[in-house]
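Observations on the three-dimensional arrangement
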Amino acid sequence: MNLAFLPVGLPAFLSHFGLALLLVGVFFVVYIFMTPYHELALIRAGNNAAAASLAGALLGYIVPLASAISNSINLLDMLVWGVVALVVQLLAFLIVRLLLPTLVADIPENKIASGLFLGTVSLGLGILNAACMTY
């Protein structure tokens, strides 16, 4: 079978995309286990605060991960910067938790302001993180 029609960069794309999906999955699991409330159950119940905070955290992780993919020299480099991005997002949650001591109760109570603030801080730090990954 002649595979000459396949793009030359397809193996690199598949390896980077596969690792990216794995890293996003790991981030998702780590993040939802780190938070003391159950985001997915809250989101299924229509909790907008949980949706905003989790969406911001996911985007705050994916944006620097995309930068790591664009700037990495190999898969190991991408993996290392993906872990850095994960740590930054965990720190974002801890920072907001310090700034809003009632955060842990606010999200389950669907206090949208708290969820939106957490999501915005997560995304903002993710954007800064991505900008710092250009080397």
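Throughout, residues of each chain are indexed from 1 in the direction in which the sequence is written. Residue-level local features of this predicted model are given only where pLDDT is at least 70; pairs of side-chain atoms are given and counted only at 80 or more, and the full residue set underlies all totals for whole chains, interfaces and linings. By convention in this description, side-chain values take in all heavy atoms of the structure and omit both hydrogens and water.

**Some words on the nonpolar core**
Heads up, the rule is: Joining through side-chain atoms within 4.5 Å is the link that ties buried Ala, Val, Leu, Ile, Met, Phe, Trp, Tyr and Cys residues into a set, and such a set is a nonpolar core. Remark: exposure states derive from per-residue accessible area (1.4 Å probe, protein chains only) relative to the maximum for the residue type, with buried under 20%, exposed over 50%, and partly exposed in between. Put simply, DSSP H or I for four residues or longer makes a helix, DSSP E for two residues or longer makes a strand, and each gets a number counted from the N terminus. Should any heavy atoms of two residues lie within 4.5 Å, those residues are considered in contact.
Tyr 31, Tyr 61, Ile 107 and Leu 118 are the most contacted members of the largest nonpolar core, which has 26 residues in total. For this core, the elements supplying multiple residues, two or more each, are α1 (10-34), α3 (48-71), α4 (75-99) and α6 (112-132). For Tyr 31, the contacting residues outside a window of four places in its chain are Glu 39, Ser 53, Leu 54, Ala 57, Gln 89, Leu 90, Phe 93 and Leu 118.

**Here's the deal with the pattern of salt bridges**
A side chain of one charge can pair with a side chain of the opposite charge when the charged atoms of the two come close. Quick note on the threshold: Salt bridges are defined as contacts in which a side-chain nitrogen from Lys or Arg sits within 4 Å of a carboxyl oxygen from Asp or Glu.
Inspection of every chain in the model, using the stated rule, returns two salt bridges. Of the charged contacts in the structure, one is a salt bridge between Asp 106 and Lys 111, with a shortest N-O distance of 3.7 Å. Classification of Lys 111 by relative accessible area gives partly exposed; the value is 41%. One continuous salt-bridge network, built from bridges that share partners, spans Asp 106, Glu 109 and Lys 111.

**Quick look at the packing of α1 against α3**
Keep this limit in mind: In this description, a line fitted to the C-alpha atoms serves as the axis of each element, helices being fitted only across the stretch in contact, and the angle between N-to-C directions of two axes falls anywhere from 0 to 180 degrees. A clockwise turn of the near helix away from the far one marks a right-handed crossing, whereas an anticlockwise turn of less than a right angle marks a left-handed crossing. For this classification, Asp, Glu, Lys and Arg are treated as charged, while Ala, Val, Leu, Ile, Met, Phe, Trp, Tyr, Cys and Pro are nonpolar and the rest, including Gly, are polar.
Orientation of α1 relative to α3, taken along the N-to-C sense of each, is 150 degrees, at an axis distance of 11 Å. Judged by the twist between their axes, the crossing of α1 over α3 is right-handed. Residues His 16, Ala 20, Leu 23, Val 24, Phe 27, Phe 28, Tyr 31 and Ile 32 of α1 form the contact with α3, whose own contacting residues are Ser 53, Leu 54, Ala 57, Leu 58, Tyr 61, Ile 62, Leu 65 and Ile 69. Among the residues making up the contact of α1 with α3, the classes are represented as 14 nonpolar, two polar and no charged.

**Points about the side chain of Gln 89**
Checked against the element boundaries, Gln 89 lands in helix α4. Setting aside residues no more than four positions away along its own chain, Gln 89 makes contact with Phe 27, Tyr 31, Gly 56, Ala 57, Gly 60, Tyr 61, Ser 122, Leu 125 and Gly 126.

**Topic: the UniProt feature "transmembrane region" (unreviewed entry) in the chain**
Just so we agree on the cut-off: UniProt positions are given in the numbering used here, feature names are shortened, and annotations may be inferred rather than shown by experiment.
As recorded in UniProt, the feature "transmembrane region" (unreviewed entry) lies at residues 12-33, 45-66, 78-100 and 112-131. As annotated, residues 45-66 comprises 86% helix and 0% strand, and the C-alpha atoms at either end are separated by 31 Å. With 100% helix and 0% strand, residues 112-131 has end C-alpha atoms that lie 28 Å from one another.

**Some words on the side chain of Thr 35**
Note the following rule: What qualifies as a polar contact is a pair of N or O atoms within 3.5 Å, subject to a donor-acceptor requirement within protein and to the restriction that residues adjacent in sequence count only when both atoms come from side chains.
With respect to the helices and strands, the residue Thr 35 is situated in the loop between α1 and α2 (39-44). Reaching out from Thr 35, the side chain makes a polar contact with the backbone oxygen of Ile 32 at a distance of 3.2 Å. Reaching out from Thr 35, the side chain makes a polar contact with the side chain of Glu 39 at a distance of 2.7 Å.

**Some remarks on a nonpolar patch on the surface**
Basically, it comes down to this: Each patch is assembled from residues with relative accessible area greater than 30% and no salt bridge, linking like charges that lie within 9 Å and nonpolar side chains (Val, Leu, Ile, Met, Phe, Trp, Tyr) that lie within 5 Å. Areas reported as accessible are Shrake-Rupley estimates using a 1.4 Å probe. Residue values count occlusion only from the protein chains shown.
Taken together, the side chains of Leu 76, Leu 79, Val 80, Val 83, Val 87, Leu 91, Leu 94, Ile 95, Leu 99 and Phe 117 define a hydrophobic patch exposed on the protein surface, amounting to about 840 Å² of accessible area. With respect to the element layout, Val 80 can be found in helix α4.

**Structural notes on unusual backbone geometry**
Located in the positive-phi region is Asn 110, a residue other than glycine, with phi close to 60 degrees. Residue placement: Asn 110 occurs in the loop between α5 (103-106) and α6. For Asn 110, a relative accessible area of 29% corresponds to the partly exposed category.

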